[in-house]
Protein chains: 2
Amino acid sequence: MKKLAMGIDIGGTNTAFGLVDEDGTIFCESAISTERYKKFDDYQDYVDALCEAMHALIGSVSFDFELIGIGIGAPNANYHTGMIETPANLWKFRDDEPNPDESRRMFHFVDDIKKSFPGVSVAITNDANAAAIGEGVFGSAKGMKDYVVITLGTGLGSGIVSNGEMIYGHDGFAGEYGHIAVDSRTHGRDCGCGRKGCLEAYASATGIKRTAFELMAKMSCDSELRDIPYSKFEAVMLSTAAKKGDAIAKEAFRFTGEVLGKALADLMATTSPEAIILFGGLAKAGELIFEPTKWYMEENMLATFKNKVKLLPSGIEGKNAAILGASALIWQRNI
Amino acid sequence: MKKLAMGIDIGGTNTAFGLVDEDGTIFCESAISTERYKKFDDYQDYVDALCEAMHALIGSVSFDFELIGIGIGAPNANYHTGMIETPANLWKFRDDEPNPDESRRMFHFVDDIKKSFPGVSVAITNDANAAAIGEGVFGSAKGMKDYVVITLGTGLGSGIVSNGEMIYGHDGFAGEYGHIAVDSRTHGRDCGCGRKGCLEAYASATGIKRTAFELMAKMSCDSELRDIPYSKFEAVMLSTAAKKGDAIAKEAFRFTGEVLGKALADLMATTSPEAIILFGGLAKAGELIFEPTKWYMEENMLATFKNKVKLLPSGIEGKNAAILGASALIWQRNI
């Protein structure tokens, strides 16, 4: 009988899910709103709505198949405990909550899904780890035992695989490479984590936008970018401008590549992967970001590691990459 | 029959080796000079002398035992290939070498030892990795699956264990955490690797000595340390002075702890170990180095990781730690 795994991607706006076979083909997919259930008290309703929608999707498949498991990619997910722990944008207390105790925001997500799918294996990890497993099972890291996936979206996430296994760390939260210091912890850019100077405040879609605004202040050249206010500015505008030769946009990519390349040189010294895969919105800028990143990475690398690592684009990127990655959590155990 | 593993520690001056049982008891040990064989052409003589001395040590044991393997800790050793690759201080070309081609300085050490011990399993790794495996098998990391050992000697070495396995990386050289950037690559301190700003130029026995000399220039307080020239200065003098209340020595430990603690906070974000073990000469300063390192590590940690990791002293430290660590390379496969 055909075997399929369910992959679920929990985003801040929507939760997408789909049934995936061992070749990475998505047979069918669907989504529910996450946003509609974003308050603490909505959690159980969210789980019920998601399970109902998954059962409906399963019922819609016209052939017999075996559901071999459900893999979930979610922010602040802990692989070891199966929980989503104090997520920044999900199931938050209402502003008028009388006792906003963060320690109550520990959601037994895997257990709660299992109640609706008895006997089915369920696993969860964070989005960047899911992307990394997806690259290993279906994408650019197929067959590799030591590789790293860096997701360059709103923030910078990372999934580190060594000896053929995801590094979850003792507490389940390893791979927060976006939060290493690349600038002063007292004078660097504010980071969403409450500190300053973190890598993701520089190397991410948000980071390059911030760099562009610094450069508008620093450089005096003409630029169409000067007509766009910060609140309307999107990182993709920098790709378009850079391709037209805009000096600010080009310098923003160079600087971002410098910061990211230096950080990746240090990561080489730590786990020495065979490949580093850049994934996510900013990575889609292609050579604009790959070329300076690779140059600064090699330039700043310990001699032992020079010219060894491959800097690769994602092999699964597309609108369904997150579903593929989540399903790969199940497939990695079954292939 | 009793089982014993041979542990070999190849240092720049001497090569020490001993027979170790599964509890970490060293039954007998011996050493030969490494220094005497330091030129390129001396390599085969060195291997012959070492094998002869090992056979003599084995012959000296008064009871029957099975030699289950030979584990080796050596600089620039590659676990994957069994080679010692272009070591900085071993088997170097003579100054008048007509064709000093570094690519010829690749020594098939494991294979060469096997010739003299047919049928015996032989494994090699670098000194810091051997120390890390030693802590896992016999020392402070017993029973842990995710931990890091930082060796604070002349340089800074690291051995990173995740999911119960040493991270060797794709090329066999992972764990060079002493060479991440903690200061400017253009203005930081010179590092032995030829670059500037590496962690080990600050956090190591040599690094704290350099810091003390910077502080003598910067601070105007009296200090007995001002009577000692750089060439005669040893890091251990700073422990003695700090215990007597010397302001320069105390500040040197605080600053070293700051640099090391911040670097360890970033390492937590990368592999999130259960424990970080400080090993080697500088770690013997005890609270003088542990206290500021722990404080700055926690202070600079992403909230997720705060108050989770144990900062521990070595559990095998002593004159035989390196032999124990090397033998653990064999015992980890046999316990």
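First, a word on what this report is: a plain description of the structure on this page. Just so it is clear, the model here is predicted, and its values are computed rather than measured.

Criteria and thresholds
Residues numbered from 1 in each chain as written. Chains lettered and ligands numbered in written order. Predicted model: local features only at pLDDT ≥ 70, side-chain atom pairs only at ≥ 80, totals over all residues. Heavy atoms only, no water. Helix = DSSP H or I, 4+ residues; strand = E, 2+ residues; numbered from the N terminus. Rg over C-alpha atoms; globule rule 2.2 N^0.38 Å. Contact = heavy atoms within 4.5 Å. Lys, Arg positive; Asp, Glu negative; His and termini not counted. Charge placed at Lys NZ, Arg CZ, Asp CG, Glu CD. Pairing = 2+ DSSP bridges. Buried area = accessible area lost by both parts, 1.4 Å probe. Salt bridge = Lys/Arg side-chain N within 4 Å of Asp/Glu carboxyl O. Polar contact = N/O pair within 3.5 Å; in protein donor to acceptor, adjacent residues only side chain to side chain. Least-squares fit on C-alpha atoms with pLDDT ≥ 70 in both. Axes fitted to C-alpha atoms, helices over the stretch in contact; angles between N-to-C directions. Parallel < 35°, antiparallel > 145°, perpendicular 65-115°, else oblique. Left-handed = near helix turned anticlockwise from the far one by under 90°. Nonpolar A, V, L, I, M, F, W, Y, C, P; charged D, E, K, R; others polar. Phe/Tyr/Trp six-rings, centres within 6.5 Å; stacked < 30°, edge-to-face > 60°. Buried < 20%, exposed > 50% of the residue type's maximum accessible area, 1.4 Å probe, protein only. Lys NZ or Arg CZ within 6 Å of the ring centre and 35° of its normal. Core = buried A, V, L, I, M, F, W, Y, C linked by side-chain atoms within 4.5 Å.

**Focus on the overall build of chain A**
Scanning chain A for helices and strands turns up eight helices and 13 strands. Compactness check: chain A gives a C-alpha radius of gyration of 21 Å against a globular reference of 20 Å for 335 residues, within 12% of the reference. When the backbone C-alpha atoms are referred to their principal axes, chain A occupies close to 60 × 50 × 40 Å. By sequence separation, contacts in chain A at least 24 residues apart represent 62% of the contacts at least 6 residues apart. Distance between charge centres in chain A, computed from 34 positive and 45 negative side chains, equals 4 Å.

**Quick word on the sheet that holds strand S5 (residues 77-78) of chain A**
Residue and element names in this part refer to chain A. Strands sit in the order S5-S6-S7 across an open sheet of three strands; the sheet is antiparallel. At either margin of the open sheet sits one strand with a lone partner, and together these are S5 and strand S7 (106-107). Summarising the sheet, S5 and strand S6 (residues 83-85) pair through two bridges and their orientation is antiparallel. Residue pairing for S6: asparagine 78 is matched across the bridge by methionine 83.

**Things to note about the interface of chain B and chain A**
Taken together, the contacts link 35 residues of chain B with 35 residues of chain A. Between chain B and chain A, the buried area comes to about 2,900 Å², and carbon and sulfur atoms account for 55% of it. The largest share of the area that chain B buries against chain A comes from His170(B), Thr270(B) and Leu302(B), three residues that together contribute 20% of it. Between chain B and chain A we count four salt bridges in total. Asp171(B) is paired through a salt bridge with Lys308(A); the nearest N and O atoms lie 2.7 Å apart. If you look at where chain B meets chain A, you find 18 residue pairs in polar contact (both at pLDDT 80 or more). Mapped by element, the contributors of at least two residues to the side of chain B that touches chain A are strand S10 (156-162), strand S11 (165-166) and helix H6 (247-271) of chain B.

**Thoughts on the relation of the copies chain B and chain A**
Expressed as a screw operation, the relation of chain B to chain A combines 0.0 Å of axial shift with a rotation of 180°, fitting to an RMSD of 0.0 Å. These values place the two chain copies in the arrangement generated by a two-fold rotation axis. Identified as the residue of chain B closest to the rotation axis by C-alpha distance is Ser162(B), at 4.0 Å. Comparing contact sets, 100% of the residues at the interface of chain B also lie at the interface in chain A, consistent with an isologous, same-surface contact.

**A look at the packing of helix H4 (residues 205-218) of chain B against H6(B)**
Residues and elements named next belong to chain B. One way to put it is that H4 packs onto H6 with a least axis distance of 9 Å and a crossing angle of 125°. What the angle tells us is that H4 and H6 run oblique. In the crossing of H4 with H6, the sense of the turn from one axis to the other is right-handed. Mapping the contact onto sequence places Ile208, Thr211, Ala212, Leu215 and Met216 in H4 and Ile248, Glu251, Ala252, Phe253, Phe255 and Thr256 in H6. For the contact of H4 with H6, a count of residues per class yields eight nonpolar, two polar and one charged.

**Some details on the pairing of strand S3 (residues 26-33) of chain B**
Residue and element names in this part refer to chain B. In the sheet, strand S2 (residues 14-20) pairs with S3 via seven bridges, with the strands oriented antiparallel. Looking at S3, one finds that asparagine 14 is bridged to serine 33. Hairpin connection of S2 to S3: five residues between the antiparallel strands, including glycine 24 at a positive phi of 90°.

**Here we look at the side chain of Asn78(A)**
Residue and element names in this part refer to chain A. If you trace the backbone, asparagine 78 turns up in strand S5. Polar contacts involving the side chain of asparagine 78 include one to the main-chain amide nitrogen of histidine 80, which spans 2.9 Å. Here the side chain of asparagine 78 touches aspartate 171 through a polar contact of 2.7 Å, landing on its backbone oxygen. Residues contacting asparagine 78, with those up to four places away along its chain left out, are Met83, Glu85, Ile124, Asp171, Gly172 and Phe173.

**Regarding the packing of aromatic side chains**
Counted by the stated rule, this structure contains 32 aromatic pairs over all chains. Measuring from centroid to centroid gives 5.9 Å for Tyr37(A) and Tyr46(A), while their planes differ by 65°, and the two rings are edge-to-face. Note on Tyr37(A): relative accessible area 11%, which makes it buried. According to the relative accessible area criterion, Tyr46(A) is buried, its value standing at 0%. Seen in terms of ring centroids, Phe40(B) and Phe107(B) are 6.0 Å apart; in terms of plane orientation they differ by 55°. Their pairing is tilted. Within this pair, whereas Phe40(B) is found in the loop between S3 and helix H1 (43-59), its partner Phe107(B) is found in strand S7 (residues 106-107), the two being separated by 67 residues in sequence. Of the two residues, Phe40(B) and Phe107(B), neither departs from the other in class, the shared state being buried. Members of the aromatic cluster, joined through ring pairs, are Tyr37(A), Phe40(A), Tyr43(A), Tyr46(A), Trp91(A), Phe93(A), Phe107(A) and Phe109(A). Across the ring face of Tyr230(A), the terminal group of Lys209(A) is positioned such that the distance to the ring centre comes to 4.1 Å.

**Describing the environment of Arg226(B)**
Residues and elements named next belong to chain B. One can find arginine 226 in the loop between H4 and helix H5 (236-243). Apart from the residues lying within four places of it in its own chain, the contact partners of arginine 226 are Met216, Met219, Ser220, Cys221 and Ile248. Here cysteine 221 takes part through its backbone oxygen, which lies 2.7 Å from a polar atom of the side chain of arginine 226.

**Let's talk about the packing of helix H6 (residues 247-271) of chain A against helix H7 (residues 287-299) of chain A**
Residue and element names in this part refer to chain A. Where H6 meets H7, the closest approach of the two axes is 7 Å, and the angle between their N-to-C directions is 45°. One finds that H6 runs oblique with respect to H7. H6 and H7 meet at a crossing whose hand is right-handed. Residues Phe253, Arg254, Thr256, Gly257, Glu258, Leu260, Gly261, Lys262, Leu264 and Ala265 of H6 touch H7, and the partners they reach there are Leu288, Ile289, Pro292, Thr293, Tyr296 and Met297. Each residue belonging to the contact of H6 with H7 can be placed in one class, and the counts come to nine nonpolar, four polar and three charged.

**A word on the nonpolar core**
As a rule of thumb, nonpolar side chains are buried together in soluble globular proteins. Grouped together as the largest cluster of nonpolar side chains are 100 residues, with contacts concentrated most on Leu278(A), Ile276(B) and Leu278(B). Contacts of Leu278(B), omitting those with residues within four sequence positions, involve Ile150(B), Leu152(B), Leu260(B), Leu264(B), Ala283(B), Phe290(B), Leu311(B), Leu312(B), Pro313(B) and Ser314(B).

**Focus on the pattern of salt bridges**
All names here are of chain A. Taken as a whole, this structure holds 30 salt bridges over all chains when the rule is applied. Here glutamate 258 ties to lysine 262 by a salt bridge, and the two come within 3.0 Å at their closest N and O atoms. Here the residue glutamate 258 and the residue lysine 262 both occupy positions in helix H6, the gap between them amounting to four residues, near one helical turn. With a relative accessible area of 33%, lysine 262 lands in the partly exposed category. Three or more residues joined by partner-sharing salt bridges are found here, namely Glu251, Arg254, Glu258 and Lys262.

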